[in-house]
Amino acid sequence: MRVRIISFTGKGAALGRTLREALSRQGVQAGHCPGRRFSAPGEESCASLADWTREAFAAAECLVFIGACGIAVRAIAPYVRDKRQDPAVVVLDDGGRFVIALLSGHVGGANAWAERIAGLTGALPVVTTATDGAGAFAVDLFCKERGLRLTDWSLAKRVSAAVLAGEPVGFASDFAVEGALPRGLAAGQASLGIAVTIRRDWQPYPETLALVPPVLALGIGCRRGVDARVIAQAAAHALQSAGLREEAVFAVGTIDRKSDELGLAEFCRQRGLPMRAFSAQQLAGAPGTVSRSEFVQSVVGVDNVCERAAVLAAEGRLVLPKQKEGPVTVAAALREWRVRFGDQHAGD
């Protein structure tokens, strides 16, 4: 975690140093940039607010302005784009009385940062997001905390509006659910609802917001020299044939002799997926029943690569048997997962 702090007064500089040290003790990469007049010996000072903001906005997960809200608003205005991408921005007055979550309260984590900084400084956290003020379920926060992929942001806004208005919002899940549903969600019929699912076409409500957990691992085998686009097409077709969502994929498994395959590496890089490579011996020990090929056995030393690699990468069970498309074979396995509701709307 990277936090950048900027201050503009003598009191603010002292508070910034205290906060930086407190965050550093918690393992946070915290940096503090005071105004030039208020820097301590050996401490880097801030010559340009515009330059500092531009660099911090691109590199940090949280920006802390110790000063007036107006300074922060004008500084970040050129860089604000989308709450799905913007970092958290927090404002702390130089007297340490209030800490305000200014930008990206849920997805960026500004609300959580305000609470955390309040605990370190004794300030009063000020959180203005409507669902927090009402103590209601926040779908974007739930997705952030659990790592779920939110498929439709416009529909997510409608869900939040319905929750705040006290309108019924349904909840359904492909996965086991532990704990009571939070206020604002209900099982049963509704015109608008949430579905935690990896299925492409499951629509339990007339308007369904799909939340997709990262629970599928692909197992991929391919010939040498196969282009990443060919692998991507084969993977997409295999998942579509099984009615599974690509957003549910969290890793790719293969045999170790393919770990340097450029096309496969590029496929993983483009999607931000870790590649997990296994030896033939490891693959042979994968649990469950798989299809067997004497030809594959003779070439790589194990009777099946993609199905076994998927099972090992997911540490789960096979849900999509081997699909062959030209020079690529694809399988998918599902790791165990459940939804758990509690005070923090978390699952595991």
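Residues numbered from 1 in each chain as written. Predicted model: local features only at pLDDT ≥ 70, side-chain atom pairs only at ≥ 80, totals over all residues. Heavy atoms only, no water.

Our focus in this paragraph is the overall build of the protein. If you tally the helices and strands in the protein, you get 12 helices and 18 strands. If one aligns the C-alpha atoms of the protein with their principal axes, the spans along those axes are about 75 × 55 × 30 Å. For the protein, the residues scored as buried account for 47% of the 348 residues in total. Restricting the contact set of the protein to residue pairs at least 6 apart, pairs at least 24 apart contribute 59%. Carbon together with sulfur atoms contributes 50% to the accessible area of the protein, which is approximately 16,500 Å² in total. Distance from the positive charge centre (40 side chains) to the negative charge centre (35 side chains) of the protein: 2 Å. (Helix = DSSP H or I, 4+ residues; strand = E, 2+ residues; numbered from the N terminus. Buried < 20%, exposed > 50% of the residue type's maximum accessible area, 1.4 Å probe, protein only. Contact = heavy atoms within 4.5 Å. Areas by Shrake-Rupley, 256 points an atom, 1.4 Å probe, with all protein chains shown as cover. Lys, Arg positive; Asp, Glu negative; His and termini not counted. Charge placed at Lys NZ, Arg CZ, Asp CG, Glu CD.)

What follows is about the environment of serine 241. On the secondary structure map, serine 241 appears in helix α8 (residues 228–241). Remark: the alpha-carbon pair of serine 241 and leucine 320, spanning 79 residues in sequence, is separated by 9.3 Å. In this structure the side chain of serine 241 is engaged in a polar contact, spanning 2.6 Å, whose partner is the backbone oxygen of alanine 238. (Polar contact = N/O pair within 3.5 Å; in protein donor to acceptor, adjacent residues only side chain to side chain.)

Now for the sheet that holds strand β1 (residues 2–7). Within the open sheet, the 6 strands sit side by side as β2-β1-β3-β4-β5-β6. Their pairing is mixed. Strands at the two margins of the open sheet, each flanked by one partner only, are β2 (29–33) and β6 (124–126). Sheet twist, expressed as the mean angle between neighbouring strand axes with direction ignored, is 20°. Bridge count for strand β5 (residues 98–103) against β6 is 3 bridges, and the pairing is parallel. Residue valine 99 lies in a different strand from β6, and its bridge partner there is proline 125. Across the sheet, helix α2 (residues 49–59) touches β1, β2, β3 (62–66), β4 (88–92) and β5, and the angle it forms with β3 is around 150°. (Pairing = 2+ DSSP bridges. Axes fitted to C-alpha atoms, helices over the stretch in contact; angles between N-to-C directions.)

What follows deals with helix α6 (residues 139–146). An α-helix turns once every 3.6 residues. As a result, residues three or four positions apart point the same way. In terms of residue burial, α6 counts as a mostly covered element, since 6 of its 8 residues are buried. Here α6 has its buried residues at Val139, Asp140, Leu141, Phe142, Cys143 and Arg146. Elements that come into contact with the buried residues of α6 comprise β7 (149–150), α7 (153–165), β11 (192–196), β12 (207–212) and β18 (339–340). Just downstream of α6 lies glycine 147, where phi reads positive at about 80°.

A few words on the packing of α8 against helix α9 (residues 262–271). Where α8 meets α9, the closest approach of the two axes is 8 Å, and the angle between their N-to-C directions is 65°. With respect to α9, the axis of α8 lies roughly perpendicular. Between α8 and α9 lies a crossing of right-handed hand. When α8 is examined against α9, the residues Ala228, Ile231, Ala232 and Ala235 are found in contact with a partner set consisting of Gly263, Leu264, Glu266, Phe267 and Arg271. (Parallel < 35°, antiparallel > 145°, perpendicular 65-115°, else oblique. Left-handed = near helix turned anticlockwise from the far one by under 90°.)

Taken residue by residue, the protein gives an average pLDDT of 87. The fraction at 70 or more is 94%. Here residues 344–348 is modelled with pLDDT under 50, and outside its nearest four sequence neighbours on either side it reaches 16 contacts, counting other chains as well. (pLDDT = per-residue confidence, 0-100.)

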